[in-house]
Amino acid sequence: MQTGDIVLLGNDSAWGFVARRFADGDSRWSHAGMVIRDGDGVAVVHMDGSPLGGRIRRESVASFTSEARHVKVVRPPFDPRQRAQVGDWLADHLAKETAFDTRFRLDDDPSLYCTELVWRALDQVAMTPGDDSLPRIAGRAYVPVDRLATLGRVIGGREWTSSVVAGAR
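Quick caveat, the model's predicted, so the values are computed rather than measured.

Okay, the overall build of the chain next. Regarding its fold elements, the chain presents five helices and eight strands. Counting the 169 residues in the chain, one finds 48% classified as buried. Pairs at least 24 apart in sequence give 67% of the contacts found in the chain among residues at least 6 apart.

Structure, rendered in structure tokens:
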């Protein structure tokens, strides 16, 4: 796994139920994060939506995928410079301890929700088609989890179970 790979999960959490209701088409997916490789090894950076102070988290791949029913890893077509930019952007948000966006708004920086984290990281290197391409509810754009699966190729070309991904560290 490389910095910038997108990890999609399908799980039965409360937030997962909500996320699946707003799918663009494939409602298996309910959470997302991005891989970061650095001196501490390989991990997934994601937004924890805990009602007790949700914020950005760095978690091992095994831990992140442990309760998922479905796992998919998508690799955007980054060059080495873009991969480093995404890694730096993620590291910056980890250092800031960015808060979880409970309002799910794309326009209320600096808080982020899970798919917004990935979308904004990709924006750093012009890898998204822009907010105008996103679906809207009540006039506000949002990033459905399944939309992220279209922004690269699936590693191995198949959907994996969580045990396979955890073993691929």
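This part covers helix α4 (residues 114-123). Within α4, nine of the ten residues are buried, which leaves the element mostly enclosed by the surrounding structure. When α4 is considered as a whole, its buried residues turn out to be C114, T115, E116, L117, V118, W119, R120, A121 and L122. Elements in contact with the buried residues of α4: β1 (6-10), β2 (31-38), β3 (41-47), β4 (56-59) and α3 (80-96).

This part covers the sheet that holds β3. Taken together, the six strands give an open sheet; going across it, the order is β4-β3-β2-β1-β5-β8, and neighbouring strands pair in antiparallel fashion. Two strands close off the open sheet at either side, each with one partner strand: β4 and β8 (153-154). Where β2 and β3 come together, six bridges link them in antiparallel fashion. What sits directly across from D38, in β3, is G41. Of the strands in this sheet, β1, β2, β3 and β4 touch α4, which is tilted by about 50° from β2.

Bringing the packing of aromatic side chains into the picture now. Applying the stated criterion to the full structure yields two aromatic pairs. Ring centres of F100 and F104 lie 5.7 Å apart, and the angle between their planes is 85°; on these two criteria the pair is classed as edge-to-face. A relative accessible area of 28% places F104 in the partly exposed class. Members of the aromatic cluster, joined through ring pairs, are F100, F104 and Y113.

Moving on, we get to the pairing of β1. The buried fraction of β1 amounts to five of the five residues, a majority that puts the element mostly inside the structure. Burial along β1 is two-sided: I6, L8 and G10 facing one way and V7 and L9 facing the other are all buried. Two elements, β1 and β2, share four bridges in a ladder whose sense is antiparallel. Opposite V7, over in β2, you have G33 as the bridge partner. Summarising the sheet, β1 and strand β5 (residues 70-75) pair through five bridges and their orientation is antiparallel. Bridged to L8 within β5 is K72.

Below, the discussion takes up the side chain of T65. Looking at the secondary structure, you find T65 in helix α2 (residues 61-65). The class for T65 is buried, based on a relative accessible area of 0%. A polar contact is formed between the side chain of T65 and the backbone oxygen of V61, at a distance of 2.9 Å.

How each quantity is defined
- Residues numbered from 1 in each chain as written.
- Predicted model: local features only at pLDDT ≥ 70, side-chain atom pairs only at ≥ 80, totals over all residues.
- Heavy atoms only, no water.
- Helix = DSSP H or I, 4+ residues; strand = E, 2+ residues; numbered from the N terminus.
- Buried < 20%, exposed > 50% of the residue type's maximum accessible area, 1.4 Å probe, protein only.
- Contact = heavy atoms within 4.5 Å.
- Pairing = 2+ DSSP bridges.
- Axes fitted to C-alpha atoms, helices over the stretch in contact; angles between N-to-C directions.
- Phe/Tyr/Trp six-rings, centres within 6.5 Å; stacked < 30°, edge-to-face > 60°.
- Polar contact = N/O pair within 3.5 Å; in protein donor to acceptor, adjacent residues only side chain to side chain.

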